[in-house]
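Structural overview for review
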Amino acid sequence: MSIFSPFSLAGKRGLILGVANEHSIAAGCARAAHGLGAQLVLSCVSDKAMQYAAPVALQLQAPLLPCDVEQEFELEQLVREAAAQLGGLDFVVHSIAWAPAEDLHGRVTDSSSSGFLRAMDVSCHSFARLARLCEPHMAAGGSLITMSYLGADEAVANYGVMGPVKSALESLVRYMAAELGPRNIRVHAMSPGPIPTRAASGLAKFDQLMRRAEQTAPLRRLVRLDEIGNLAAFLAGDGASGMTGQTIYIDGGYHVVN
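Now for a description of the structure that goes with this document. (Residues numbered from 1 in each chain as written. Predicted model: local features only at pLDDT ≥ 70, side-chain atom pairs only at ≥ 80, totals over all residues. Heavy atoms only, no water.)

Scanning all chains against the criterion turns up nine salt bridges. Between Asp-238 and Lys-12 there is a salt bridge, with the nearest N and O atoms lying 3.0 Å from each other. Taken as a pair, Asp-238 in the loop between helix H8 (225-236) and strand E7 (247-250) and Lys-12 in the segment before strand E1 (13-17) lie far apart in primary sequence, 226 residues in all. Ionic pairing is found between Glu-227 and Arg-221, a salt bridge with its closest N-O pair at 2.7 Å. Here Glu-227 falls in the buried class, since its relative accessible area comes to 18%. The exposure class assigned to Arg-221 is partly exposed, which follows from its relative accessible area of 29%. Overlapping salt bridges bring together Arg-221, Arg-224, Asp-226 and Glu-227 as one network. (Salt bridge = Lys/Arg side-chain N within 4 Å of Asp/Glu carboxyl O. Helix = DSSP H or I, 4+ residues; strand = E, 2+ residues; numbered from the N terminus. Buried < 20%, exposed > 50% of the residue type's maximum accessible area, 1.4 Å probe, protein only.)

This is the structure we're talking about:
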């Protein structure tokens, strides 16, 4: 006789956006979810990016689809195809963020209107659009997960315009949790500590940021990709059925001492 486990994802169907390569946060989330039995569809930003994301999809035997949220109808097509292939959706991981380099590396005070709006659209509002598109495919409820960072709550050197954008994202999570809760759809933000990903390499002096986190976090180390993935898998499953609307730090405790 099989025993139900609230920490299993067997029978769960998930869409994970933002696979860049095997070292990306989305890849870590995909590996953890797959390891717990989930069926997955993965996405990367473009056809060109597929060569780097394909090894992850191949390892997990999961379909990989391109999706640039700035391009009209691509997000709609992604959700439609994922739901059709999986027969519905139980969880979604939104692990995408972007800002123009000139706005990311400059002062927030000097940020351009166009750059700020693009960063907000890609990194924040796309999560709301994603939720609206996925809601009809979550008939029994589900979990929506996005990625934030400490710079949403504190002024982190060299994080630039992404700080205000992530702050807006965390607020969006709270409002979406309140609105979607009656549909039994839970909404979460995860806030990982700094790890060496392709996206993070675009931040100025990122090596210094990692060294400081490693030296001052209570655990005296950087968080691992598999640990981030395990948290996402937990939030996607029934073990987290009573949780919604939170920003959950996974940074070795760095946020309590910084």
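With that settled, the discussion passes to helix H1 (residues 25-35). Burial within H1 is extensive, with eight of its eleven residues counted as buried. Within H1, burial applies to Ile-25, Ala-26, Ala-27, Gly-28, Cys-29, Ala-30, Ala-32 and Ala-33. Directly beyond the C-terminal end of H1, a positive phi value near 105 degrees is found at Gly-37.

Here we come to the packing of helix H5 (residues 113-134) against helix H6 (residues 162-180). Taken N-terminus to C-terminus, the directions of H5 and H6 make an angle of 20 degrees; their axes are 10 Å apart at the nearest point. With respect to each other, H5 and H6 are oriented roughly parallel. Handedness of the H5/H6 crossing: right-handed. Taken together, the residues of H6 that come into contact with H5 (itself represented by Phe-116, Ala-119, Met-120, Ser-123, Cys-124, Phe-127, Ala-128 and Ala-131) are Met-162, Pro-164, Val-165, Ala-168, Leu-169, Leu-172, Val-173, Met-176 and Leu-180. A class-by-class count of the residues in the contact of H5 with H6 yields 16 nonpolar, one polar and no charged. (Axes fitted to C-alpha atoms, helices over the stretch in contact; angles between N-to-C directions. Parallel < 35°, antiparallel > 145°, perpendicular 65-115°, else oblique. Left-handed = near helix turned anticlockwise from the far one by under 90°. Contact = heavy atoms within 4.5 Å. Nonpolar A, V, L, I, M, F, W, Y, C, P; charged D, E, K, R; others polar.)

This is a description of form; function is not addressed.
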